[in-house]
Amino acid sequence: MSVGGTKILRDYCEGYSRNKALTGYWQQKDSALSEKVRHHDDFGTATRRSLFLCACLAALASPVRAEQPLAAGELPGALPTIGTISITNNDIFDLDKPDENRALYRLANRLHVRTRPDVIRQQLLFDIGDLYSRQAIEESERILRSNRYIQEVSLHPVPREDGTVDIDVTTSDVWTLMPKLSFSKAGGESKTAIGIKEANVLGSGVAVEAMFKSDVDRDSTVLKVVDRNLGQSWYRLETSIAQNSDGHEYGLDIGKPFYSLNSTNALGLSLLDADRIDTFYDRGEVASEVRHRGRDAEMSFGRSRGLENGWARRLTFGAAVSDHSYTDSGSTDPELFPLMQDRRLVYPFVGMEIVEDHYDKASNLDQIHRVEDRFLGTRASARVGLAREEFGSDRNAWMLDLHAQRGFGSSERATLLLAADASTRLENDGPQNLLVEASAKYYNRQSEQRLLFVGLSGTYGHNPDLEQYLPLGGDNGLRGYPVRFQSGDKRAVLTVEQRFYTDWNPFSLFRVGAAAFFDVGRTWGASPLSDASDTWLSDVGFGLRVGSTRSGLGRMIHFDIAVPLTGQENIDNVQFLISTRKSF
C-alpha cells in the first residue's frame, strides 16, 4: 500500500476509534459538562424524520465529512487529554515595537481595563481533562474573535511527555471606550449618530451604549445594553430603549442560543414594542406618511444532538404573537388607505435546521488586514407556524419561513457564496406578504492586495404588507442616486467592485484601502404611491476605505464619489457619499 494510502487508512481508523471513545467518554460526564458536546436519547429518530421537510433546501449539500483527525505531527498519541489551559491577554499596543512605544499608547494601555481571564475562559468549548478536539479549538477561536473587544486570537496546543496536551490561549484587546460617531451622506440625505459606547465594561465583556441618532426618518435617543455571556454563562441579554421624534421602540432579547455546533439545547424570549411613522417615497421625495404601531413577542426552545459526522441538526419549537396596526398620521395619502390593513397573528411553530462544519479563515476580503471567519458550508432551515382565530388571531394562516446558503471555493483563491430566503402567509385567498430573495457574492483574489468582488441580489414580492415594499436608491445599492429613488414589490441589484488593500497603517491605528465600483439595478411591480418603474439605473465611482485596528467599534469609513449613468431629471450629476459600515 502506498504511503498516502497508509496515512488515509490510519487517519480513518484513528478517527473511528476516537469517535467511539468520545461517545463513551461524554456519556460519563456529569450534566454540567455534557452541554459541551451532546447526548439526548429519544431525539434522533424524530430529527431524522423531520429533516425530510427541508430536504429541498439542502439539495446543494456536499457529501458527509467526518471530523478531521489530528494533523500529522501536531500531537503524538491517539487520544490525548487537555492538561492545562493558560490564558495570556495582551494590551492594546505592543510596547516592544518601536512604532507603538509612544507616550499616548503607553497611556492608553494604563487606562484600559483588560478583558478578565475568566471572561475568555468561559467562552472556550473545552476544559481541563477533556479529550483534545481540533474542532473545539477552531470553533473557540471563532467565538472569541467575534467579540469586538478582542483584536487577535491564537489557540496553540502544546503536547507534553505524559501524553496530555496544554492549550495556550493568547488574545489582544482593543480600546473599547469610544465616542460613538457614525455618519453618512447618500442621495442628498444625511444620517448621523453621536454618543458613547463601552464595549467591555471593566473587562467583563458587557457592552453599554448611549447615543443620539438622526436620519431621514426620525431622531432617536437610544440606550442599549448587551451581555453575550450573562452571569458567566452562555445566556445572552440584549435590551434597548429608544425615544424617537415620532414615537418609541423598546426591545428585549434574552436566552441561550445554539452558541456552538455542539450545543444540545437553546432557549429564547424576545419582545418588541414600536410606535413610529413609516415614510413612503417617490423619486426620492416624501410622498406620504403612515403611523405604524407594532408589538411582537416570541418564545422558543430547541434541541440538538450536537455535531455528528460534520453536521449539526437542530429542532426548535415555540410560539409567537405579531400585532400591527396602521392609522392616519395626518399626512397620509388616500391611496394608502386600502393598504392600511391591521393584522394580529398568534401561532405556534416548529423549525428545523442543518449546519455543516465548514469554515475558512482569511483576510483582505470584507476587512483590511484582519482575520475573517468565513462560512463555506451548507446551512438550511425551515419554520412552519399555524395562526388560528381560536388562538386569538384575526385570520387563519400558515406561516412559512425558509432559508438556505452554500459556499464554494477557498478564500485564498476564489469564493462564491449563495443564499436564498423565502417567507409568506398562506391565507384563504392565497399567499400574502410573499417575499423571495436570492443573492450571490463572488470574491476573486487577484493578489494579496487586489480583489474583484461581484454581488448580485434579487427580491420577488407578492401582496406585501404595507411596510414591506422595496425601495432602491443611494442608501441601499445605487450610490449615484437619491435615497429611495425607486419603489416596488420586486428589486434587482448588481454591484462590481475592484478592491485594493494597502499596507499603509497610519500611526498604527488605521488601515487604508480603495475601491472602484459599478452599480446597476431597478425596482418594478406594484408600488404604494408611484407608478411602476421601467428604468434601469446605473452608476460608476471610486472611493477610499479607512478601517480602525485598535478600537472596538468595528466600523469602516467609506468616502465615495459616484456618477449616475442613466439620465434622470432633478438629481445631481455627481453624488458625494460619506458613511460608516461594517465591511468594505
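Now for a look at the structure at hand. Nothing here was measured: the structure is a model prediction, and the numbers come from that model.

With that settled, consider the overall build of the chain. On a plain count of helices and strands, the chain comes out with six helices and 27 strands. For the chain, the proportion of its 584 residues judged to be buried stands at 46%. In the chain, the proportion of contacts linking residues at least 24 apart, taken out of those at least 6 apart, comes to 60%. Summing over all exposed atoms, the chain offers an accessible surface of approximately 28000 Å²; the carbon and sulfur share of this is 56%.

Turning our eyes to something else, we now look at the pairing of strand S17 (residues 397–409). Bridge count for strand S16 (residues 378–387) against S17 is 10 bridges, and the pairing is antiparallel. Bridge pairing in S17 places Leu-386 opposite Trp-398. Counting the residues in the hairpin turn of S17 and strand S18 (residues 414–427) gives four residues.

On the surface, a cluster of nonpolar side chains totalling about 420 Å² of accessible area is made up of Leu-230, Tyr-235, Leu-267, Phe-301 and Phe-317. Within the element layout of this structure, Leu-267 appears in strand S10 (residues 265–282).

For the structure on display, the rule yields 35 salt bridges. Close ionic contact of Asp-373 with Arg-145 constitutes a salt bridge, the shortest N to O distance being 2.9 Å. Within this pair, whereas Asp-373 is found in strand S15 (residues 372–375), its partner Arg-145 is found in helix H6 (residues 134–145), the two being separated by 228 residues in sequence. A relative accessible area of 13% places Arg-145 in the buried class. One salt bridge connects Arg-343 with Glu-467, and the closest N-O pair in it is separated by 2.6 Å. Of this pair, Arg-343 sits in strand S13 (residues 343–356) while Glu-467 sits in the loop between strand S20 (450–462) and strand S21 (470–472), and the two are 124 residues apart along the sequence.

Further remarks concern the sheet that holds strand S3 (residues 165–173). Taken in spatial order, the three strands of this open sheet run S1-S3-S2, and their pairing is mixed. At either margin of the open sheet sits one strand with a lone partner, and together these are strand S1 (82–90) and strand S2 (150–159). Pairwise comparison of adjacent strand axes, ignoring direction, gives a mean angle of 15 degrees for this sheet. Bridge count between S2 and S3: nine bridges; the pairing is antiparallel. Bridge pairing links Val-153 to Thr-171 in S3.

The terminal C-alpha atoms of H6, which comprises 12 residues, lie 17 Å apart, in line with the 16 Å expected from a rise of 1.5 Å per residue. Summarising burial for H6: 11 of the 12 residues are buried, a large majority. Among the residues making up H6, those that are buried are Arg-134, Gln-135, Ala-136, Ile-137, Glu-139, Ser-140, Glu-141, Arg-142, Ile-143, Leu-144 and Arg-145.

Our focus in this paragraph is the nonpolar core. One broad rule of soluble globular proteins: the nonpolar side chains tend to lie buried together. If you look at the biggest cluster of nonpolar residues, it comprises 21 residues, and the most contacted ones within it are Leu-124, Phe-126, Leu-144, Leu-155, Ile-167 and Val-169. Those elements giving two or more residues to this core turn out to be S1, helix H5 (117–122), H6, S2 and S3. Examining the composition of this core, we find that four residues originate from one element, H6, more than from any other. Residues Ala-362, Tyr-443, Tyr-501 and Ala-515 belong to the second largest nonpolar core, which totals 10 residues.

With that settled, the discussion passes to the packing of aromatic side chains. What the rule picks out here adds up to eight aromatic pairs. Ring centres of Tyr-481 and Phe-485 lie 5.8 Å apart, and the angle between their planes is 40 degrees; on these two criteria the pair is classed as tilted. Taken individually, Tyr-481 and Phe-485 each receive the classification buried, so the pair is uniform in this respect. Looking at Arg-142, its charged tip hangs above the ring of Tyr-359, at a distance of 3.7 Å from the centre. Against the face of Phe-375 rests Arg-379, its NZ or CZ located 4.8 Å from the ring centre.

Turning our attention to the environment of Arg-374. Within the element layout of this structure, Arg-374 appears in strand S15. Looking at Arg-374, the relative accessible area reads 7%, which means it is buried. The sequence separation of Arg-374 and Arg-142 amounts to 232 residues, and the corresponding C-alpha distance is 9.8 Å. Excluding residues within four positions of it along the chain, Arg-374 makes contact with His-358, Tyr-359, Asp-360, Leu-365, Asp-366, Ser-411, Thr-415, Leu-417 and Tyr-443. Within the structure, Arg-374 has its side chain in polar contact with the side chain of Asp-366 (distance 3.3 Å).

At Asn-364, a residue that is not glycine, the phi angle is positive and equals roughly 60 degrees. Relative to the helices and strands, Asn-364 is located in the loop between strand S14 (359–362) and S15. Phi angles above zero are rare outside glycine, and Ser-508 is one such case at about 60 degrees. Considering the arrangement of structural elements, one finds Ser-508 in the loop between strand S23 (490–501) and strand S24 (510–524).

Below, the discussion takes up a positive patch on the surface. On the surface, a cluster of positive charge is contributed by Arg-148, Lys-191, Lys-213, Arg-555, Arg-581 and Lys-582. You can see Arg-148 is positioned in the loop between H6 and S2.

The residue Arg-479 is located in the loop between S21 and strand S22 (486–488) in this model. Polar contacts involving the side chain of Arg-479 include one to the side chain of Asp-519, which spans 2.9 Å. Once you skip the residues sitting within four places of it in the chain, Arg-479 turns out to touch Gly-474, Thr-495, Glu-497, Phe-517, Asp-519, Asp-539, Arg-545, Asp-560, Ala-562, Gln-575 and Leu-577.

The next subject is helix H4 (residues 103–111). Residues of H4 that are buried: Tyr-105, Ala-108 and Asn-109. For H4, the arc enclosing every buried residue in end-on projection is 100 degrees, short of the 170-degree limit, so these residues lie on one face. Projecting away from the buried face of H4 at angles above 90 degrees are the exposed residues Ala-103, Leu-104, Arg-110 and Leu-111.

It is worth spelling out the pairing of strand S26 (residues 556–564) at this point. Of the two faces of S26, the one holding Met-556, His-558, Asp-560, Ala-562 and Pro-564 is buried and the one holding Ile-557, Phe-559, Ile-561 and Val-563 is not buried anywhere. Relative to S26, strand S25 (residues 537–548) runs antiparallel, the two sharing nine bridges. Looking at S26, one finds that Phe-542 is bridged to Ile-561.

So, on to the environment of Asp-519. Within the element layout of this structure, Asp-519 appears in strand S24. Under the relative-accessibility criterion, Asp-519 is labelled buried at 0%. Through-space distance from the C-alpha of Asp-519 to that of Leu-537 is 8.1 Å; in sequence the pair is 18 residues apart. Side chain to side chain, Asp-519 and Thr-495 meet in a polar contact 3.2 Å long.

Conventions we followed
- Counting restarts for each chain: residues are numbered from 1 in the order of the written sequence.
- Totals for whole chains, interfaces and linings use every residue, but because this is a predicted model, local features are given only for residues with pLDDT of at least 70 and side-chain atom pairs only at 80 or more, for both listing and counting.
- Note: side-chain values were computed over all heavy atoms of the structure, leaving out hydrogens and water.
- Only DSSP runs of H or I with at least four residues qualify as helices, and only runs of E with at least two residues qualify as strands; both kinds are numbered from the N terminus onward.
- Whether a residue is buried, partly exposed or exposed follows from its accessible area with a 1.4 Å probe, protein chains only, as a fraction of its type maximum: under 20%, in between, or over 50%, in that order.
- Any two residues having at least one pair of non-hydrogen atoms within 4.5 Å are treated as being in contact.
- Surface accessibility follows the Shrake-Rupley procedure with a 1.4 Å probe radius. Residue values consider only the protein chains on display as shielding.
- At least two bridges found by DSSP between two strands is the condition for calling them paired.
- Here the term patch refers to residues with relative accessible area over 30% and no salt bridge, with like charges joined within 9 Å and nonpolar side chains (Val, Leu, Ile, Met, Phe, Trp, Tyr) within 5 Å.
- We define a salt bridge as a side-chain nitrogen of Lys or Arg found within 4 Å of a carboxyl oxygen belonging to Asp or Glu.
- Comment: axis = line fitted to C-alpha atoms, over the contacting stretch for helices; angle = value between 0 and 180 degrees taken between N-to-C directions.
- Expected helix span is taken as 1.5 Å per residue step, with the number of steps being one fewer than the number of residues.
- Working definition of a nonpolar core: buried Ala, Val, Leu, Ile, Met, Phe, Trp, Tyr and Cys residues. They are joined through side-chain atoms within 4.5 Å.
- Any Phe, Tyr or Trp ring, taking Trp's six-membered ring, that has another such ring centre within 6.5 Å forms a pair; planes under 30 degrees apart are called stacked, those over 60 apart edge-to-face, and the others tilted.
- The criterion for a charge sitting over a ring is simple: Lys NZ or Arg CZ within 6 Å of the ring centre, and within 35 degrees of the ring normal.
- Any pair of nitrogen or oxygen atoms within 3.5 Å is treated as a polar contact; in protein, a donor-acceptor pairing is required on top of that, and neighbouring residues in sequence qualify only through side-chain atoms on both sides.
- Only four residue types enter the tally: Lys and Arg on the positive side, Asp and Glu on the negative side; His and the chain ends are excluded.
- Charge positions are represented by NZ for Lys, CZ for Arg, CG for Asp and CD for Glu.
- Directions pointing from the helix axis toward each C-beta atom define the arc.

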